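Summary of the model geometry
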Amino acid sequence: MADNLTLDIVTPHGHVFTDEVHEIVAPGSEGEFGVLPDHVPFLTTLKIGMLTYKKGTETGIFFISSGYAEVGPDKVTILADSAEKSDHIDVERAKAAMKRAEERLKQKEDIDEARATAALERAITRIHVAEKR
Ligand code: ATP
């Protein structure tokens, strides 16, 4: 029986995090899910949101954009388009991205609405996650 989980967070930009933790809560596409050691293995997609882990009394908080999670009894691998620890989020950059996306969405014509909406959601979520640091 496993006491710990290895949490690995990987993005195309590089390896973001690895550590032994006790509990993980992640933003699944079908809703938030929690993982403790010895969880039944599963694979799921992730949406833009906040991932948290607990390691003893320590809590870690990450922004995660969409991707995949592979859950095993003693390991959770997060493959996300982007991921930042809450205290590594550049809030001014996120505010600028939010403003850009809002301006784009106001134009209505000749824009990729889904792309602008996703950019807006990433920016708003980053600002929210940064407030949790
Ligand atoms: P921007 O328009 O500011 O680039 P974005 O949402 O399009 O924002 P992403 O495509 O999600 O950015 O990420 C590109 C890279 O930049 C990733 O490595 C991501 O971790 C990093 N990144 C994006 N925004 C921030 C931020 N506000 N703070 C820290 N890192 C960021």
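Keep in mind that this is a model prediction, so the values were computed, not measured. (Residues numbered from 1 in each chain as written. Predicted model: local features only at pLDDT ≥ 70, side-chain atom pairs only at ≥ 80, totals over all residues. Heavy atoms only, no water.)

Some remarks on the side chain of T6
Our working definition: The helix count covers DSSP runs of H or I at least four residues long, the strand count covers runs of E at least two residues long, and both are numbered beginning at the N terminus. The cut-offs for exposure are 20% and 50% of the maximum accessible area for each residue type, with area from a 1.4 Å probe on protein chains only; residues under the lower value are buried, those over the upper are exposed, and the others partly exposed. Here a polar contact is recorded for every N or O atom pair within 3.5 Å, except that within protein the pair must consist of a potential hydrogen donor and a potential acceptor, and residues adjacent in sequence are included only if both atoms are side-chain atoms. The contact criterion used is simple: two residues touch if any of their non-hydrogen atoms lie within 4.5 Å.
When you line up the elements, T6 lands in strand β1 (residues 5-11). Given a relative accessible area of 18%, T6 falls into the buried group. In terms of polar contacts, T6 uses its side chain to reach the side chain of E20, at 2.8 Å. Once you skip the residues sitting within four places of it in the chain, T6 turns out to touch T18, D19, E20, D74, K75 and V76.

Brief notes about the site of the ligand
Our working definition: Throughout, the term near means that a residue has one or more heavy atoms lying within 4 Å of the molecule or strand in question. The Shrake-Rupley method, run with a 1.4 Å probe, gives the accessible areas here. Residue values count only the displayed protein chains as cover. Using only the protein atoms, space was sampled on a 1 Å grid; points where a 1.4 Å probe fits but cannot get out form cavities, open sets with protein on both sides within 12 Å along at least five of seven lines form pockets, and lining residues are those with an atom within 4 Å of a point. In this scheme, a molecule is assigned to a cavity or pocket if more than half of its atoms are within 2 Å of the grid points. Either an automatic procedure or a domain database provided the assignment from which the domain bounds are taken.
Contacts to the ligand come from H13, S82, E84, H88, I89, D90, R93, A94, A97, R100, R122 and R126. At 2.8 Å from a nitrogen atom of the ligand is found a main-chain nitrogen or oxygen belonging to D90. Side-chain polar atom of R122 to an oxygen atom of the ligand: 2.6 Å apart, as the coordinates give it. Look at the ligand: alone it shows 590 Å² of surface, and the protein chains cover 71% of it. Most atoms of the ligand, that is more than half of them, are within 2 Å of grid points of the largest pocket. Counting only elements with at least two residues in the shell around the ligand, the list comes to α1 (91-107) and α2 (113-130). The dominant element in the shell around the ligand, judged by the number of residues it contributes, is α1, at four residues. Looking at which domains feed residues into the shell around the ligand, each of domain 1 (5-86) and domain 2 (90-131) gives three or more.

Comments concerning the layout of surface pockets
To keep things clear, this is the line we draw: Grid points are joined across faces, edges and corners, and a volume is the space filled by probe spheres set on the points.
Counted as a void, the largest pocket has a volume near 450 Å³. Lining of the largest pocket is provided by 18 residues; of these, R93, A97, R100, R122 and R126 occupy positions nearest its centre. Breaking the lining of the largest pocket down by element, the ones donating at least two residues are α1 and α2.

Here we look at the nonpolar core
Worth spelling out the cut-off: Side-chain atoms within 4.5 Å link the members of a nonpolar core, which is a set of buried Ala, Val, Leu, Ile, Met, Phe, Trp, Tyr and Cys residues.
The biggest cluster of nonpolar side chains holds 20 residues, and the ones touching the most others in it are L7, I9, I24, L51, I64, V76 and I78. Only β1, β2 (14-21), β3 (23-28), β4 (31-35), β6 (49-55), β7 (58-64), β8 (67-71) and β9 (75-80) provide two or more residues apiece to this core. Non-local contacts of I64, meaning those with residues more than four positions away in its chain, are made with I9, P27, L46, K47, I48, G49, L51, I78, A80, S82 and A83.

Considerations on the side chain of R126
For R126, the location among the structural elements is in helix α2. For R126, the side chain forms a polar contact with the side chain of S82, separated by 3.3 Å.

Topic: the pattern of salt bridges
Note the following rule: Any carboxyl oxygen of Asp or Glu that lies within 4 Å of a side-chain nitrogen of Lys or Arg is treated as forming a salt bridge with it.
Under the defined criterion, the tally for this structure stands at four salt bridges. A salt bridge links D19 to K55, with the shortest nitrogen-to-oxygen separation between them at 3.0 Å. Note that D19 is positioned in strand β2 and K55 in strand β6, a separation of 36 residues in sequence. Given the relative accessible area of 28%, K55 is considered partly exposed.

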